[in-house]
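Now for the letters of each chain:
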Amino acid sequence: MTITAAFVLFAVVWFMVFFIVLPLRLTTQDDAGSVVPGTPRSAPRDELVGRKAKITTLFAIIVWGLLAGIITSGAISVRDFDWMGRMPPLTTPP
């Protein structure tokens, strides 16, 4: 795995984990009973994006480490997902 591939994998994992963590423990303005004029009722009451970004980074590092380990070990390869048989067969040396 190249450095660029590792960075791209981390970025994808980070954003996937971020979108999972973002709605957790969300308290909307409507739930709190204090809607600020000019904002939607579903807007968050508190700004916890920085805290959620730190939590996301911790979980993303763990998930990325597992995925990077699986990819670099060769336990799973692209050929494992070739269900239609479109990849050419591996050539074996004589």
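Everything discussed here concerns the structure shown above.
Residues numbered from 1 in each chain as written. Predicted model: local features only at pLDDT ≥ 70, side-chain atom pairs only at ≥ 80, totals over all residues. Heavy atoms only, no water.

Draft legend 1. How the structure looks around the overall build of the protein. Each helix and strand in the protein was counted, giving 3 helices and 0 strands. Seen in sequence order, the protein has helices and strands lined up from the N terminus as α-α-α. The globule rule puts the C-alpha radius of gyration for 94 residues at 12 Å, and the 21 Å found for the protein is more than 25% above it. Across its three principal axes, the protein shows a C-alpha extent of roughly 75 × 25 × 20 Å. Residues counted as buried form 15% of the 94 residues belonging to the protein. Long-range pairs, those at least 24 residues apart, make up 54% of the contacts in the protein with a sequence separation of at least 6. Total accessible area on the protein stands at roughly 7700 Å², and carbon and sulfur atoms take up 70% of it. Separation between the mean location of the 8 positive side-chain charges and that of the 6 negative ones in the protein comes to 3 Å. (Helix = DSSP H or I, 4+ residues; strand = E, 2+ residues; numbered from the N terminus. Rg over C-alpha atoms; globule rule 2.2 N^0.38 Å. Buried < 20%, exposed > 50% of the residue type's maximum accessible area, 1.4 Å probe, protein only. Contact = heavy atoms within 4.5 Å. Areas by Shrake-Rupley, 256 points an atom, 1.4 Å probe, with all protein chains shown as cover. Lys, Arg positive; Asp, Glu negative; His and termini not counted. Charge placed at Lys NZ, Arg CZ, Asp CG, Glu CD.)

Draft legend 2. Examining the nonpolar core more closely. Counting 7 residues, the largest nonpolar core consists of Leu9, Val13, Trp14, Val17, Phe18, Val21 and Ala60. Leave out the neighbours within four places in its chain, and leucine 9 touches Met1, Trp64, Leu67, Ala68 and Ile71. (Core = buried A, V, L, I, M, F, W, Y, C linked by side-chain atoms within 4.5 Å.)

Draft legend 3. Up close: the side chain of threonine 56. By secondary structure assignment, the location of threonine 56 is in helix H3 (residues 49–73). The class of threonine 56 is buried, set by a relative accessible area of 0%. Aside from chain neighbours lying at most four places away, what touches threonine 56 is Trp14, Val17, Phe18 and Val21.

Draft legend 4. Looking closely at the environment of arginine 79. In this fold, arginine 79 is placed in the segment after H3. Separated by 10 residues in sequence, arginine 79 and proline 89 have C-alpha atoms that sit 9.6 Å apart. Not counting residues up to four positions away in its chain, the partners in contact with arginine 79 are Met87, Pro88 and Leu90.

Draft legend 5. Quick peek at H3. If you check H3, its first and last C-alpha atoms are 35 Å apart, about what 25 residues at 1.5 Å a residue would give, namely 36 Å. Among all positions in H3, only Lys52, Thr56, Ala60 and Ala68 are buried. Close packing links the buried residues of H3 with helix H1 (3–21). Backbone geometry just after H3 places glycine 74 at a positive phi near 85 degrees. (Expected span 1.5 Å × (residues − 1).)

Draft legend 6. Focus on the packing of aromatic side chains. As enumerated under the stated definition, the model contains 6 aromatic pairs in all. Between phenylalanine 10 and tryptophan 64 the ring centres are 6.3 Å apart and the planes differ by 85 degrees, which places this aromatic pair in the edge-to-face class. A residue pair is termed long-range when its members are at least 10 positions apart, and phenylalanine 10 in helix H1 and tryptophan 64 in helix H3 qualify at 54 residues. The structure contains a cluster of three or more aromatic residues connected by ring pairs, namely Trp14, Phe15, Phe18 and Phe19. (Phe/Tyr/Trp six-rings, centres within 6.5 Å; stacked < 30°, edge-to-face > 60°.)

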